[in-house]
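Breakdown of the fold
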Amino acid sequence: MIKTIKASKSEKILFIFLIVLAISAFSSFFLLKSKCLFIDSNDLKKLNFKNPDNIAVMNLECGNVIIELYPEISPKAVKRFKILIEKKMYDGSAFYKVVENTLVQAGDIEFGNIKYLDYSKIGSGKSGLGLLKSELSDDFEFTEGSVGFARSTEFDSEDSEFFITLKNIPIYQGEYTPIGKVKFGLDILKKIKTGNKAIYVLRPDYINTFRMLKTN
Amino acid sequence: MKIIILFILIFQFSHVNADEIYNLIKIPNLEIYKLKNENNIRYLNTKGNFKIGVDDNITCNKTNQENLNTKFPTIERNIKRYNSKFLKKINLKYVVFCEGLFISNINTGGIPNNKNRTLILDINFNEKYFERMIHHEIFHMIQNSYEDDFNDQKFSLFNNSDFEYAECSTCSDRLNLDLYENTNGFLTEYSKSIPSEDMAEIFSFLMVNKNLIEEKIKNDSILNNKVNFIKLNISKIDENIL
């Protein structure tokens, strides 16, 4: 006859602890994996645009970010932006500078591609297309979802890096060259991995593809 | 080596709140006071003490809001006299307010910085000279932008040959800012410190009390030449300032 052995009190506590640990490990793994849950991926087939020539589609892990470009405000900057998109130079570009709920920045062609990230030089890379003159507008307001060309501390140093604001930043008005505004997908941008409190993001999120709508 | 650089870069902590302003003008702990102005100037307030410059040699403290609100109309009235084109030419876009401004432990009314397009103002500077101080500091920005026109050596030639300026503005005891009764080529004691301060004193008096200076130069040929020099060169930049 087999005797049933009752678990001691400490064994029960240990068993419960292991179950709780397993649940929390599983749920945190699940939550981490599902950062795109409940985010609209912006299916292009369901969207219509008045001016499709100036619509750019940036595909990220959680879906498409749709950007309307403003060539009437910054003709040279938008022309450069379109060239970089058409040459697929932004594909794989890392969001290496991400300030939570403030802005995301990508577009270092030389040192900021996910395939060959160089943290010692990131932010200083060139596209090979030369520097642009700043096209500043005292009327363009950098509200949530504004896209602007990044520059060094000097004006007329724009090249390929761009940023997207995640909140209103009025002080940027007249300071940075505007490129356009996000029409759809701001919630996708808010899911981009931040560097916590560090300046640069380790193992950053990146742009899968960046295309003009017409060539998509 | 790369690992060390990476480590340094990753752990440079940033302060999100004042980050956007810091990125632009390299002064921490600032907030917007008044952004939209006719001449595109932007007024920023200090919400926490700051130290900047080489070895943190420039220090200033946060403002008392009530104190700033009281003094702001005076500051705004004076800075409104410069139009946006002129301000752009002299690289002035941001005016930063703080209290107790020191550079290398010497109290000062304002610090201009053309590179960052910024003028820091101590709102607690002596009330008697406060308005004039604003224009005095703005002149330094003008001179920094137009060095050839406001050349120190050329300007010094207006003085009597036996006169010598000091080595630097803070290494002399010529610091009094009161207007001389008998000018003899100089408006104040501080004018005698160095040529650029002499020019800044003339410009500031022309901005706040032009009629009085016009009277003074009638009997002072040296001062008359100096005033004409300033007027002529300012008019090359903008005819409507003086």
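The model shown is predicted, which means the values in this text are computed figures rather than measured ones.

This next bit is on the sheet that holds strand β8 (residues 209-212) of chain A. Residues and elements named next belong to chain A. Strands sit in the order β3-β4-β6-β5-β7-β2-β1-β8 across an open sheet of 8 strands; the sheet is antiparallel. At either end of the open sheet lies a strand with only one pairing partner, and these are β3 (97-99) and β8. Averaged over all pairs of adjacent strands, the angle between strand axes in this sheet comes to 25°, irrespective of strand direction. As paired elements, strand β4 (residues 103-106) and strand β6 (residues 162-165) share 4 bridges and run antiparallel to each other. Bridging across to β6, Gln105 finds its partner in Phe163.

What follows covers helix α5 (residues 130-145) of chain B. For α5(B), with 16 residues, the first-to-last C-alpha span of 23 Å sits near the 22 Å given by 1.5 Å per residue. Burial of α5(B) is extensive: 13 of the 16 residues sit out of reach of the surface.

A word on the pattern of salt bridges. Working definition: two side chains of opposite charge can pair if their charged atoms are close together. Residues and elements named next belong to chain B. Here the structure, examined in full by the defined rule, presents 20 salt bridges over all chains. Note that Glu76 and Lys34 form a salt bridge whose closest N and O atoms lie 2.6 Å from each other. Of the two residues, Glu76 is situated in helix α3 (residues 65-79) and Lys34 in strand β1 (residues 30-34); the sequence distance between them amounts to 42 residues. The exposure class assigned to Lys34 is partly exposed, which follows from its relative accessible area of 29%. For Asp178, the salt bridge identified is with Lys128, shortest N-O distance 2.8 Å. Taken as a pair, Asp178 in the loop between α6 (152-156) and α7 (195-208) and Lys128 in the loop between β8 (118-122) and α5 lie far apart in primary sequence, 50 residues in all. For Lys128, a relative accessible area of 60% translates into the label exposed.

For the rest of this paragraph, the subject is the state of the cysteines. All names here are of chain A. Taken as a whole and assessed by the stated rule, the structure comprises 2 disulfides over all chains. Each disulfide pairs two cysteine sulfurs, and for Cys36 the partner residue is Cys62, the sulfurs being separated by 2.0 Å. With the S-S dihedral at roughly -70°, the linkage between Cys36 and Cys62 falls on the left-handed side. In this pair, Cys36 is assigned in the loop between α1 (9-33) and β1 (55-60) and Cys62 in the loop between β1 and β2 (63-69), connecting sequence segments 26 residues apart. What makes Cys36 partly exposed here is its relative accessible area of 22%. Taking relative accessible area as the criterion, Cys62 reaches 8% and is therefore assigned buried.

Now for the packing of aromatic side chains. Residue and element names in this part refer to chain A. Under the counting rule described, the total for this entry stands at 31 aromatic pairs over all chains. Arranged with centres 5.4 Å apart and planes meeting at 80°, the rings of Phe81 and Phe162 form a pair that is edge-to-face. Here Phe162 lies in strand β6 and Phe81 lies in helix α2 (residues 75-86), a separation of 81 residues in the sequence. Residue class for Phe162 comes out buried when judged on its relative accessible area of 0%. The rings of Tyr70, Phe140, Phe142, Phe163, Tyr172 and Tyr176 are connected pair by pair, giving a single aromatic cluster.

The next subject is the side chain of A:Asp159. Residue and element names in this part refer to chain A. Mapping Asp159 onto the fold places it in the loop between β5 (146-149) and β6. Relative accessible area serves as the criterion here: at 7%, Asp159 is assigned to the buried category. Among the polar contacts made by the side chain of Asp159, one reaches the side chain of Ser127 at a distance of 2.5 Å. Every residue in contact with Asp159, bar those within four places of it in the chain, is listed here: Arg80, Leu84, Gly125, Lys126, Ser127, Gly130, Leu131 and Phe149.

This paragraph deals with unusual backbone geometry. Positive phi outside glycine occurs at A:Asn101, with the angle close to 60°. Within the secondary structure, A:Asn101 is located in the loop between β3 and β4. Residues other than glycine seldom take positive phi values, yet B:Asn184 does so here, at roughly 50°. One can find B:Asn184 in the loop between α6 and α7. Judged by relative accessible area, B:Asn184 falls into the exposed class, the value being 63%.

A few words now on a nonpolar patch on the surface. All names here are of chain A. A contiguous nonpolar patch, built from Phe15, Ile16, Ile19, Val20 and Ile23 and spanning about 500 Å² of accessible area, is present on the exposed surface. Residue placement: Ile19 occurs in helix α1. With a relative accessible area of 39%, Ile19 lands in the partly exposed category.

For the rest of this paragraph, the subject is the confidence of the model for chain B. Residue and element names in this part refer to chain B. Mean pLDDT over chain B works out to 89, with 90% of the residues at or above the 70 mark. When the criterion is pLDDT under 50, residues 5-17 qualifies, and its contacts beyond four places in sequence or with other chains add up to 21 contacts. Among the prediction metrics, the complex's ipTM stands at 0.74, with pTM recorded as 0.80.

In terms of nonpolar packing, the biggest core is built from 48 residues, with B:Ile75, B:Phe97, B:Ile138, B:Ile142, B:Phe150, B:Phe203 and B:Ile230 touching the most fellow members. Elements with a contribution of two residues or more to this core: α3, α4 (84-89), β5 (94-103), β8, α5, α7 and α9 (221-237) of chain B. In contact with B:Ile138, not counting residues within four places along its chain, are B:Ile79, B:Tyr82, B:Ile90, B:Leu92 and B:Leu119. Counting residues in hydrophobic clusters, the runner-up holds 35 residues, among them A:Leu60, A:Cys62, A:Phe149 and A:Leu166.

All names here are of chain B. Counted residue by residue, β5 has 7 buried out of 10 residues, so it is predominantly covered. Across 4 bridges, strand β2 (residues 42-46) lies against β5 in parallel orientation. Paired with Arg42 across the bridge in β5 is Tyr94. Inspection of the sheet shows strand β4 (residues 58-61) paired to β5 by 3 bridges, in the antiparallel sense. Of the residues in β5, the one forming a bridge with Ile58 is Ile103.

Cut-off values and rules
Residues numbered from 1 in each chain as written. Chains lettered and ligands numbered in written order. Predicted model: local features only at pLDDT ≥ 70, side-chain atom pairs only at ≥ 80, totals over all residues. Heavy atoms only, no water. Pairing = 2+ DSSP bridges. Helix = DSSP H or I, 4+ residues; strand = E, 2+ residues; numbered from the N terminus. Axes fitted to C-alpha atoms, helices over the stretch in contact; angles between N-to-C directions. Expected span 1.5 Å × (residues − 1). Buried < 20%, exposed > 50% of the residue type's maximum accessible area, 1.4 Å probe, protein only. Salt bridge = Lys/Arg side-chain N within 4 Å of Asp/Glu carboxyl O. Disulfide = S-S within 2.5 Å. Phe/Tyr/Trp six-rings, centres within 6.5 Å; stacked < 30°, edge-to-face > 60°. Polar contact = N/O pair within 3.5 Å; in protein donor to acceptor, adjacent residues only side chain to side chain. Contact = heavy atoms within 4.5 Å. Patch = residues over 30% accessible without salt bridge, like charges linked within 9 Å, V, L, I, M, F, W, Y side chains within 5 Å. Areas by Shrake-Rupley, 256 points an atom, 1.4 Å probe, with all protein chains shown as cover. pLDDT = per-residue confidence, 0-100. Core = buried A, V, L, I, M, F, W, Y, C linked by side-chain atoms within 4.5 Å.

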